[in-house]
Amino acid sequence: MTRSRPGRDETLGRAFGWFWAGEAVSELGTYVTGIALQVLVLVTLGASATELGVVNAARWVPYLVLGLVLGAVVDRWRRRPLLITTDLVRGLLLGSVPLLWWAGVLNIPVLVGFMVVLGLASLLNDAASQSFLPRLVPRVALVRANARLDQTGAVAQASGPAIGGALTTALGAPLAVLVDAVTYLFAAFAVWRANVPEPGTNRDIERACGGGVRIGARRLLGDIREGMRWVYRHTMLAPLALATHGWFLCNGIVTTVLAPFALVGLGLSAFQLGLALAAAGVAGLAGALLSERAGRIWGAGPTVVVAQAAMAPAWAIIALAPSGGAGASATWLTVATIAVGQGLYGLGMGLENANSMGYRQAVTPDRLQARTNTTIRSMNRAMLVIGAPAGGLLADHLGYRPALWLGVAGFTLVAVLLGISRFRTARHPQVS
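Residues numbered from 1 in each chain as written. Predicted model: local features only at pLDDT ≥ 70, side-chain atom pairs only at ≥ 80, totals over all residues. Heavy atoms only, no water.

**Q** How do you make sense of the side chain of Arg 360 when you look at a structure like this?
**A** Inspection of the secondary structure assignment puts Arg 360 in helix H16 (residues 328-363). With no salt bridge to any partner, buried Arg 360 finds its closest opposite charge in Glu 352, at an N-O distance of 8.6 Å. With residues up to four places along the chain from it excluded, the contact list for Arg 360 reads Gln 130, Leu 237, Thr 372, Asn 373 and Ile 376. (Helix = DSSP H or I, 4+ residues; strand = E, 2+ residues; numbered from the N terminus. Buried < 20%, exposed > 50% of the residue type's maximum accessible area, 1.4 Å probe, protein only. Lys, Arg positive; Asp, Glu negative; His and termini not counted. Salt bridge = Lys/Arg side-chain N within 4 Å of Asp/Glu carboxyl O. Contact = heavy atoms within 4.5 Å.)

In structure tokens:
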């Protein structure tokens, strides 16, 4: 994984370089924990696919319950101190997992409560992070900045699952989570170094006008409504947001099903699953490298639609993965099949994210950035809260493959609806 590269992109500035480094390193830890958590639930704690879905959903409950409110609140505060604080909190939380395991008190209810608290810190960090980026770089460079973040994120996605699988196999799932804790501490340090002047917040303006700092319920509701109106009445953002919500519902289903399908249904090891998942990062890097050029030539809308259209065949390939069988060659054929599907999945995500995010940030005023981000993210995470347990239930009652095929049908519908919407004509501001 490249750690020196972020500081060398002179076109985006030194402050962005530090922010980029922190995001890159913490992304690596996130993917390590991603596979370690699946093994922790399914193998260490012996839980079912439904219980795994509940644990996966728990992290996103704060987005559903508090996302809109905290989006309005974050717009009233400076974003850099909030990023530092929440990264420190997440690092300390994840560092406590091995302690809970050693104490013999780590079980599914405890893990669910833990994930809710972690999700709350992540909600605040996400709202501040996406809103902080437009303060680090000019608006015409937002696609480039998001592409850089996606590129290192793809490298982390390529290496993180394999590293996570190896660490989980060698040390056990609880200890593997410590890697993510350390990366969050580094991210806090990196954001501290990304020192840029931030303009006055809505809170500062209210104080200057004699309005005090207390947020009244009526004013807060007004801010939330303003953010929602901006997103869902915008001719381009509305179809993009709705399609993204549908994508997250389907993604919650298939990603929850994948771990028990591979580990239990197909008999793969944590390391083998990690290798298959790493293909998404390798292909995601290719997609991220192509994303800026594709967005400039095709436009934001067509690029995102093409990327969305890749999701259904990607997961169809995974649903067709053969059972491992008795021989090593059969097992590795299964790993290779899942890797091909994950590669197409990662390519689509790498191609899409910089374009959808860059377009959204470019057309949104600074004072609405946090509310726009948390409005869309809150609904996205609400879809995960529904999709993750639904995926577990479908897997337990219908079987792994039928659950995956339902996800494929959903991805197909989302891509078709976005492709016939007005968003297909969206274009970026001129990229410098």
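**Q** Explain the pattern of salt bridges here, please?
**A** Here the idea is simple: oppositely charged side chains can pair when their charged atoms come close. Applying the stated rule across the entire model yields three salt bridges. Linking Arg 144 and Glu 292 is a salt bridge whose minimum nitrogen-to-oxygen distance equals 3.4 Å. Taken as a pair, Arg 144 in helix H7 (residues 142-171) and Glu 292 in helix H13 (residues 270-298) lie far apart in primary sequence, 148 residues in all. The same class applies to Arg 144 as to Glu 292, namely buried. When the shortest N-O distance is used, the salt bridge between Arg 148 and Glu 292 registers 3.9 Å. Pair noted here: Arg 148 is in helix H7 and Glu 292 is in helix H13, with a separation of 144 residues, a long-range link. The same class applies to Arg 148 and to Glu 292, which are both buried. A network of salt bridges, in which partner residues are shared, links Arg 144, Arg 148 and Glu 292.

**Q** Can you help me understand helix H17 (residues 369-397) in this one?
**A** Helical periodicity: at 3.6 residues per turn, an α-helix aligns residues three or four positions apart in one direction. Across its 29 residues, H17 extends 42 Å between first and last C-alpha, which sits within 8% of the 42 Å expected from 1.5 Å per residue. Across the 29 residues that make up H17, a large majority, 22, are buried. One or two positions beyond H17, positive phi appears at Gly 399, with a value near 115 degrees. (Expected span 1.5 Å × (residues − 1).)

**Q** It is not clear to me how the packing of helix H1 (residues 14-44) against H7 should be interpreted in this structure. Could you clarify?
**A** For any two helices packed against each other, the geometry is given by the interaxial angle and the distance between the axes. Remark: H1 packs on H7, axes separated minimally by 7 Å, with the N-to-C direction vectors making an angle of 35 degrees. Along this stretch, H1 crosses H7, giving a crossing that reads as right-handed. Looking at side-chain class alone, the contact of H1 with H7 contains 16 nonpolar, eight polar and three charged residues. (Axes fitted to C-alpha atoms, helices over the stretch in contact; angles between N-to-C directions. Left-handed = near helix turned anticlockwise from the far one by under 90°. Nonpolar A, V, L, I, M, F, W, Y, C, P; charged D, E, K, R; others polar.)

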